[in-house]
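Next come the chains, spelled out residue by residue.
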Amino acid sequence: MWGKLKAHHAKVADRRFETMLDADRAADFSAQAGDMLFDYAKTNIDAEGRALLFDLLNVAEVAAKRDQMFAGQAINETEGRAVLHTALRNLDGDPVLVEQRDVMPGVLDTLSRMEGFADAVRDGTFAGQGGKITDVVNIGIGGSDLGPAMAVKALAPYHDGPRCHFVSNVDPADIAGVLRQCDPATTLVIVASKTFTTIETMTNARTAQAWMGDTVTDTGAQFAALSTAQDKTADFGIDTSRVFGFEDWVGGRYSLWGPIGLSLMIAIGPQAFRAFLRGGQAMDTHFRNAKWDENLPALLALVGIWHNQVCGYATRAVLPYDNLLSRLPAYLQQLEMESNGKGVCMDGAGLDVQSGPVVWGEPGTNGQHAFYQLIHQGTRVIPCEFLVAARGHEDDLHHQHQLLVANCLAQSEALMRGRTLDEARVKIADKFSGAELERQAKHRVFPGNRPSVTIAYPQLDPFMLGQIIALYEHRVFVEGVVLGINSYDQWGVELGKELATALQPVVEGHEGTDGKDGSTAALVGYLQQNGVS
Ligand SMILES: O=P(O)(O)OC[C@H]1O[C@](O)(CO)[C@@H](O)[C@@H]1O
């Protein structure tokens with residue numbers, strides 16, 4: 001199935017896609033889900049290429065697998081689990097069966113318990129030993145941090161709850177920096193860990209416990225836990241009334257919609273959190289019902305596959321022209337790379353195309369003054385994904401927002417158009433002449449023909465954030481199904497964890513470096529000489 005696509009790409013690779021871009025193409029190569037517009041006209045995909053990409057969806061049976069996922073079948077085959085984060089935003093409560101059991105009553109019950117607790121924290125009914133909660137510290141890592149941290153930042157204009165902080169790194173600088181800003185008597189610590197075993201999180205949680213124990217008498221009373229492992233939360237001393245559980249069919253990087261979203265709910269309130277869930281649910285409905293040529297997750301996935309597996313572009317840049325989404329690239333790094341960074345297909349065979357791309361990015365316009373040089377003139381092509389809102393939240397500064405939007409549109413236009421040698425010569429003809437003009441002009445050439453897509457929306461409100469996150473989740477699903485991999489396990493993180501556990505006593509100086517390779521032994525030696533143990 002890849003052969004036809006690669007042959008088609010070889011045929012059109014040198015074409016300048018700008019020449020195809022009339023108003024008809026702009027309409028044809030874009031689609032909408034509710035108010036959200038997805039434009040992929042500035043790519044080299046034409047009608048023939050798109051038809052071949054749709055064939056991939058049919059050959060891989062994406063529609064059937066999508067329906068299996070929503071129906072609660074165990075599509076995470078290497079862990080024997082269903083994949084049902086969508087149930088967490090199934091606000092209407094339609095039954096979702098896992099092994100003949102409807103999981104929705106449990107989901108909705110937990111949601112309402114979270115709402116009760118969030119309201120109590122926000123209105124002071126639940127207080128710290130020094131009074132109303134002023135600060136919430138979420139301790140978690142990976143999916144138990146990136147989602148809520150990204151979303152709390154994204155929805156800052158909707159905050160009316162206590163301050164929220166996030167601690168993830170085992171580096172003591174992280175937790176120490178946060179705790180210094182908080183009063184233990186008015187702080188709520190939320191320990192967020194699906195497994196409740198992750199070493200970084202448990203280490204930080206114990207540090208927070210000790211910090212709080214120095215000031216308040218009942219430390220456990222100001223702790224809450226978000227986890228699937230309720231036996232372990234009990235061992236840690238957290239009362240079940242403040243433990244919010246979820247089931248193993250919610251993957252860590254897909255868990256923001258349930259208990260892991262508690263800090264977000266406390267920050268913006270249960271009503272706004274429900275709007276966020278509604279946005280995700282709306283994208284689910286769109287993904288399940290829209291035809292492929294109008295289906296945003298499918299189209300976003302196919303553009304990704306075209307650029308990575310077909311054209312061979314190894315990375316993609318996510319560039320939100322929306323500072324509220326400044327943590328979106330980091331969030332997507334886990335969502336996309338932990339999900340689709342796999343080299344083995346579901347059946348154990350090796351993947352015969354590249355795995356998912358390297359995802360990276362920064363908000364515009366900051367990136368423009370950092371790495372865009374390489375995007376415009378470097379030798380590698382980097383497909384770009386722009387996100388932009390028609391309106392920001394700072395009405396008094398709308399002129400700045402307009403400048404932001406102009407920059408976003410200018411970048412995709414510049415990437416596509418580029419600048420020819422002739423145009424470069426004309427630009428500097430008043431400054432240089434002869435051989436010097438030629439030399440200088442060459443430095444000012446932009447190859448252009450560089451692809452990008454744009455996701456545009458009216459404003460980043462809770463509903464829209466829900467739509468955006470669910471769009472990317474389903475994009476990952478579609479890409480994974482087409483590649484034939486399991487997007488829902490993460491075996492690749494295990495080896496490093498095992499070796500770190502074994503190295504800890506070595507670093508501390510309790511064990512020697514026998515059996516370690518020369519480089520690792522030398523690094524341990526250097527760090528020990530300089531004070532690590
Ligand atoms: O929520 P937990 O169990 O602490 O796990 C944190 C993160 O660690 C990982 O398992 C990878 O190390 C992620 O998938 C997960 O989001």
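Above this text you will find the structure in question.
Residues numbered from 1 in each chain as written. Predicted model: local features only at pLDDT ≥ 70, side-chain atom pairs only at ≥ 80, totals over all residues. Heavy atoms only, no water.

Focus on the site of the ligand
1) Next: Taken together, 15 residues surround the ligand, and among them G143, S144, S193, T195 and T198 come closest.
2) Next: Here an oxygen atom of the ligand sits 2.6 Å away from a polar atom, N or O, in the side chain of T195.
3) Next: Measuring from an oxygen atom of the ligand, one finds a side-chain N or O atom of E338 at 2.7 Å.
4) Next: Calculation on the ligand without its partners gives an accessible area of 390 Å², and the protein chains cover 87% of this total.
5) Next: The residue inventory of the shell around the ligand, partitioned by class, reads 2 nonpolar, 9 polar and 4 charged. (Near = heavy atom within 4 Å. Polar contact = N/O pair within 3.5 Å; in protein donor to acceptor, adjacent residues only side chain to side chain. Areas by Shrake-Rupley, 256 points an atom, 1.4 Å probe, with all protein chains shown as cover. Nonpolar A, V, L, I, M, F, W, Y, C, P; charged D, E, K, R; others polar.)

Some words on the side chain of T201
1) Next: By secondary structure assignment, the location of T201 is in helix α8 (residues 199-213).
2) Next: A residue is classified by how much of its surface remains accessible, and T201, at 1% relative accessible area, is buried.
3) Next: Each residue touching T201, except ones within four places of it in the same chain, is listed here: I139, G140, I141, V191, A192 and S193. (Helix = DSSP H or I, 4+ residues; strand = E, 2+ residues; numbered from the N terminus. Buried < 20%, exposed > 50% of the residue type's maximum accessible area, 1.4 Å probe, protein only. Contact = heavy atoms within 4.5 Å.)

Focus on the pairing of strand β15 (residues 452-457)
1) Next: Among the 6 residues in β15, 5 count as buried, and that is most of the element.
2) Next: By the bridge criterion, 3 bridges tie strand β2 (residues 36-39) to β15 in an arrangement that is antiparallel. When the bridges of β15 are listed, D39 appears paired with T454.
3) Next: Pairing of strand β14 (residues 384-389) with β15, which is carried by 6 bridges, proceeds in the parallel orientation. Note on β15: the bridge partner recorded for L387 is I455. (Pairing = 2+ DSSP bridges.)

Observations regarding the pairing of strand β1 (residues 30-33)
1) Next: Relative to β2, β1 runs antiparallel, the two sharing 4 bridges. In the strand pairing of β2, A31 is matched with F38.
2) Next: Here β1 folds back onto β2 in antiparallel fashion, the turn holding 2 residues, of which G34 has a positive phi close to 55°.

Focus on a nonpolar patch on the surface
1) Next: A cluster of nonpolar residues, V507, L523, Y526, L527 and V532, forms a patch on the protein surface that exposes about 460 Å² of accessible area.
2) Next: Residue contributions to the nonpolar patch peak at 3 residues, all from helix α20 (residues 518-529).
3) Next: Mapped onto the elements, Y526 comes out in helix α20. (Patch = residues over 30% accessible without salt bridge, like charges linked within 9 Å, V, L, I, M, F, W, Y side chains within 5 Å. Salt bridge = Lys/Arg side-chain N within 4 Å of Asp/Glu carboxyl O.)

Points about the packing of aromatic side chains
1) Next: The full count for this structure, using the stated rule, is 14 aromatic pairs.
2) Next: For the pair F196 and F236, a centre-to-centre distance of 6.0 Å together with 85° between the ring planes defines the contact as edge-to-face. Of this pair, F196 sits in the loop between β9 (187-192) and α8 while F236 sits in helix α9 (residues 230-236); the two residues are 40 residues apart in sequence, bridging distant segments of the chain.
3) Next: On the basis of relative accessible area, F236 is assigned to the buried category, the value being 15%.
4) Next: Where W360 meets F371, the ring centres are 4.8 Å apart and the plane angle is 65°; that geometry is what we call edge-to-face. Here F371 lies in the loop between β13 (358-360) and α14 (372-377) and W360 lies in strand β13, a separation of 11 residues in the sequence. There is no split in this pair, since W360 and F371 are both buried. (Phe/Tyr/Trp six-rings, centres within 6.5 Å; stacked < 30°, edge-to-face > 60°.)

What about the sheet that holds strand β7 (residues 135-139)?
1) Next: A sheet is described by the order of its strands in space; here 5 strands give the open sequence β8-β7-β9-β10-β11, paired in parallel fashion. The open sheet has two edge strands, β8 (163-167) and β11 (243-245), and neither has a second partner. The average angle at which neighbouring strand axes cross in this sheet is 15°, direction not considered.
2) Next: When β7 meets β9, the two strands line up parallel, connected through 5 bridges. Across the sheet, V137 pairs through a bridge with V189, a residue of β9. (Axes fitted to C-alpha atoms, helices over the stretch in contact; angles between N-to-C directions.)

Things to note about helix α7 (residues 172-179)
1) Next: When we look at burial in α7, the residues that qualify are I175, V178 and L179. For α7, the angular spread of buried residues about the axis comes to 95°, placing them on one side.
2) Next: On its buried side, α7 packs onto β7, β8 and α8.
3) Next: Sitting at the head of α7, D171 places a side-chain oxygen 2.9 Å from the backbone nitrogen of A173. (Arc of directions from axis to C-beta.)

What to know about the sheet that holds strand β12 (residues 315-321)
1) Next: With mixed pairing, 6 strands are arranged side by side in an open sheet as β1-β2-β15-β14-β12-β13. The sheet is open, and its two borders are formed by β1 and β13, each paired with just one other strand. Going across the sheet, the axis of each strand differs from the next one's by a mean of 15°, ignoring polarity.

As for the nonpolar core
1) Next: L188, W249 and L465 are the most contacted members of the largest nonpolar core, which has 120 residues in total.
2) Next: Per-element tally for this core: the top contributor is helix α18 (residues 462-483), with 13 residues.
3) Next: Setting aside its immediate chain neighbours within four residues, L188 contacts F117, V121, F126, I133, D135, V136, V137, Q222, F223, A224 and I266.
4) Next: V178, V191, A208 and I238 belong to the second largest nonpolar core, which has 23 residues in total. (Core = buried A, V, L, I, M, F, W, Y, C linked by side-chain atoms within 4.5 Å.)

As for the pattern of salt bridges
1) Next: Using the criterion set out here, one finds 26 salt bridges in the structure.
2) Next: A salt bridge links R278 to D92; the nearest nitrogen and oxygen atoms lie 3.2 Å apart. Here R278 is found in helix α11 (residues 270-289), whereas its partner D92 is found in the loop between α4 (62-70) and β3 (97-98), with 186 residues between them in sequence.
3) Next: Between E436 and R439 there is a salt bridge, with the nearest N and O atoms lying 3.0 Å from each other. Of the two residues, E436 and R439 are both situated in helix α17 (residues 434-443); the distance of 3 residues between them amounts to about one turn of the helix.
4) Next: The exposure class assigned to R439 is partly exposed, which follows from its relative accessible area of 47%.

Examining the packing of helix α1 (residues 2-12) against helix α12 (residues 296-310)
1) Next: Put simply, α1 and α12 touch, their axes get as near as 11 Å, and they point 80° apart. Taken together, the axes of α1 and α12 are roughly perpendicular relative to one another. Between α1, through W2, L5, K6, H8, H9 and V12, and α12, the contact on the second element is made entirely by I305, W306, Q309 and V310.
2) Next: Of the residues that constitute the contact of α1 with α12, the class distribution is 6 nonpolar, 3 polar and 1 charged. (Parallel < 35°, antiparallel > 145°, perpendicular 65-115°, else oblique.)

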